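So the chains spell out like this:
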Amino acid sequence: MTIKVGDRLPEGTLSEFIETATDACAVGPNTFKVADLAKGKKIAIFAVPGAFTPTCSAKHLPGFVNHAAEFKAKGVDEIWAISVNDAFVMGAWGRDQKVNGAVRLLADGSANFTKALGLDADFSKHGMGVRSQRYSMLLEDGVVKQLNVEPSGKLDVSSAEALLAQI
């Protein structure tokens, strides 16, 4: 079953490559419970089939990076990019795309969280295995307020601009 507006995010964990150590996080991959990350926050999430893939790198991620200040002005606490890649790949993608903290790049390496959302897709015919569908959503305290799932091969309804217009 696919998550829908009004649902609470399922239990799960996501990993993030931390560039600078803090008291709470070591440098390198750190794993977080999704419920803990989302608690009490307004979050814009978008998911991509893969880091470093053409549309994801040329349009989807840059759209959210370029509009980060507008999301913040509309009360969004964080922007998350989720992909079925490992935390090392997501960290490298963030450095390559010069994200500089505008977006949290969260890895769902085994697609467990993506499958729990019901938003997984089989990209085996492209040699990529199980990946995420392209989507965006707006959360408030872990509850889905907006959900925009793209038809295969498109980037329209899940763009940064489309999600901004819904807030």
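This one's a predicted model, so the numbers in the text were calculated from it and none came from an experiment.

Our next topic: the sheet that holds strand E5 (residues 104-107). Taken together, 7 strands build an open sheet; the order of strands is E2-E1-E5-E4-E3-E8-E9 and the sheet is mixed. In the strand order of this sheet, the two ends are held by strand E2 (28-33) and strand E9 (143-149), each with one partner. Taken over all neighbouring pairs, the strand axes of this sheet differ in orientation by 30° on average, direction set aside. Here 6 bridges tie strand E1 (residues 13-18) to E2, and the two strands are oriented antiparallel to one another. Among the inter-strand pairings, glutamate 16 is bridged to a residue of E2, identified as asparagine 30.

Looking now at the environment of methionine 137. Mapped onto the secondary structure, methionine 137 falls in strand E8 (residues 135-140). Distance from methionine 137 to valine 5, taken between C-alpha atoms, is 8.9 Å for residues 132 residues apart in sequence. What methionine 137 contacts, discounting residues up to four positions off in sequence, is Ile3, Leu9, Ile43, Ala44, Ile45, Val144, Gln146, Leu147 and Leu163.

What follows covers the side chain of threonine 114. Positionally, threonine 114 belongs in helix H5 (residues 112-117). Note on threonine 114: relative accessible area 1%, which makes it buried. Other than its neighbours up to four places away in sequence, threonine 114 contacts Val84, Asp108, Leu119, Asp120, Arg131 and Ser132.

So, on to helix H4 (residues 87-96). Taken together, the buried positions of H4 are occupied by Ala87, Met90, Gly91, Trp93 and Gly94. Buried residues along H4 cover an arc of 160° about the axis, so they all sit on one side. The inward-facing, buried residues of H4 abut E1, E2, strand E3 (42-48), helix H2 (54-66), strand E4 (78-83) and E5. Its side-chain oxygen 2.9 Å from the backbone nitrogen of phenylalanine 88, aspartate 86 forms the N-cap of H4. Of the residues trailing H4, lysine 98 is marked for its positive phi of about 55°.

Counting buried positions over the 6 residues of E4 gives 6, a clear majority of the element. Both E3 and E4 contribute to a ladder of 6 bridges, which runs parallel. In the strand pairing of E4, isoleucine 43 is matched with glutamate 78. Examined bridge by bridge, E4 and E5 share 4 bridges and lie parallel to one another. Residue pairing in the sheet places isoleucine 82 in a bridge with leucine 106 of E5.

This paragraph deals with the pattern of salt bridges. Tallying each qualifying case throughout the model produces 4 salt bridges. Between arginine 104 and glutamate 16 there is a salt bridge, with its nearest N and O atoms 2.5 Å apart. Highlighted residues: arginine 104 in strand E5 and glutamate 16 in strand E1, separated in sequence by 88 residues. A residue is classified by how much of its surface remains accessible, and arginine 104, at 18% relative accessible area, is buried. Note on glutamate 16: relative accessible area 11%, which makes it buried. Its salt-bridge partner being glutamate 78, residue lysine 41 comes within 3.0 Å of it at the nearest N-O pair.

Right, let's talk about unusual backbone geometry for a bit. Positive phi outside glycine occurs at phenylalanine 52, with the angle close to 70°. When you line up the elements, phenylalanine 52 lands in the loop between E3 and H2. Its relative accessible area of 44% is what places phenylalanine 52 among the partly exposed residues.

What counts, and where the lines are drawn
Residues numbered from 1 in each chain as written. Predicted model: local features only at pLDDT ≥ 70, side-chain atom pairs only at ≥ 80, totals over all residues. Heavy atoms only, no water. Pairing = 2+ DSSP bridges. Helix = DSSP H or I, 4+ residues; strand = E, 2+ residues; numbered from the N terminus. Axes fitted to C-alpha atoms, helices over the stretch in contact; angles between N-to-C directions. Contact = heavy atoms within 4.5 Å. Buried < 20%, exposed > 50% of the residue type's maximum accessible area, 1.4 Å probe, protein only. Arc of directions from axis to C-beta. Polar contact = N/O pair within 3.5 Å; in protein donor to acceptor, adjacent residues only side chain to side chain. Salt bridge = Lys/Arg side-chain N within 4 Å of Asp/Glu carboxyl O.

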